[in-house]
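Here is what each chain is made of, one letter per residue.
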Amino acid sequence: MAKEELITMEGAIDEILPDGRFGVVLDNEHRLICYTAGKMRRYRIRSVVGDRVHVELTPYDLTKGRIVFRERTPGQMPAGARKRGYRR
């Protein structure tokens, strides 16, 4: 078990930064610099500006975090679905 428990908060992505980082504004109006978790990179989950995300923070540095979950937005096409068209 970890010495310190992680803090999980919700927010929205407001900026895409270089090197796979994102600017996230939390629900309490604090701004963080976050990176995506390994499983999100592994399964190629894409995040864009305006997405609602869950962020984990360590109590040692409350200005940086890790995006661990992207909420589904209504009207978005499912991840496995592809448009019909040219077939190889």
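Scroll up to find the structure.
Residues numbered from 1 in each chain as written. Predicted model: local features only at pLDDT ≥ 70, side-chain atom pairs only at ≥ 80, totals over all residues. Heavy atoms only, no water.

(A) Structural view of the overall build of the protein. Within the protein one finds one helix and five strands. What you see in the protein, going N to C, is helices and strands ordered as β-β-β-α-β-β. Within the span of the protein, comprising 88 residues, buried residues form 23% of the whole. Taking as baseline every contact in the protein between residues at least 6 positions apart, the subset at least 24 positions apart corresponds to 49%. Per element, the accessible surface of the protein, about 7,300 Å² overall, is 52% carbon and sulfur. (Helix = DSSP H or I, 4+ residues; strand = E, 2+ residues; numbered from the N terminus. Buried < 20%, exposed > 50% of the residue type's maximum accessible area, 1.4 Å probe, protein only. Contact = heavy atoms within 4.5 Å. Areas by Shrake-Rupley, 256 points an atom, 1.4 Å probe, with all protein chains shown as cover.)

(B) Looking closely at the pattern of salt bridges. Applying the stated criterion across every chain yields a total of six salt bridges. Taking the shortest distance from any N to any O, the salt bridge between Arg31 and Glu15 comes out at 2.4 Å. Within this pair, whereas Arg31 is found in strand β3 (residues 31–36), its partner Glu15 is found in strand β1 (residues 7–17), the two being separated by 16 residues in sequence. Classification of Glu15 as partly exposed rests on a relative accessible area of 34%. With a shortest N-O distance of 3.1 Å, Asp27 and Arg52 are connected by a salt bridge. Here the residue Asp27 occupies a position in the loop between β2 (21–26) and β3, and Arg52 occupies one in strand β4 (residues 52–58), the gap between them amounting to 25 residues. Residue classification places Asp27 among the partly exposed residues on the basis of a relative accessible area of 48%. Judged by its relative accessible area of 29%, Arg52 falls in the partly exposed class. Salt bridges linked by common partners bring Glu10, Asp27 and Arg52 together as one network. (Salt bridge = Lys/Arg side-chain N within 4 Å of Asp/Glu carboxyl O.)

(C) Quick peek at unusual backbone geometry. At Asp19, a position not held by glycine, the phi torsion is positive, near 65°. Looking at where Asp19 falls in the secondary structure, it is placed in the loop between β1 and β2.

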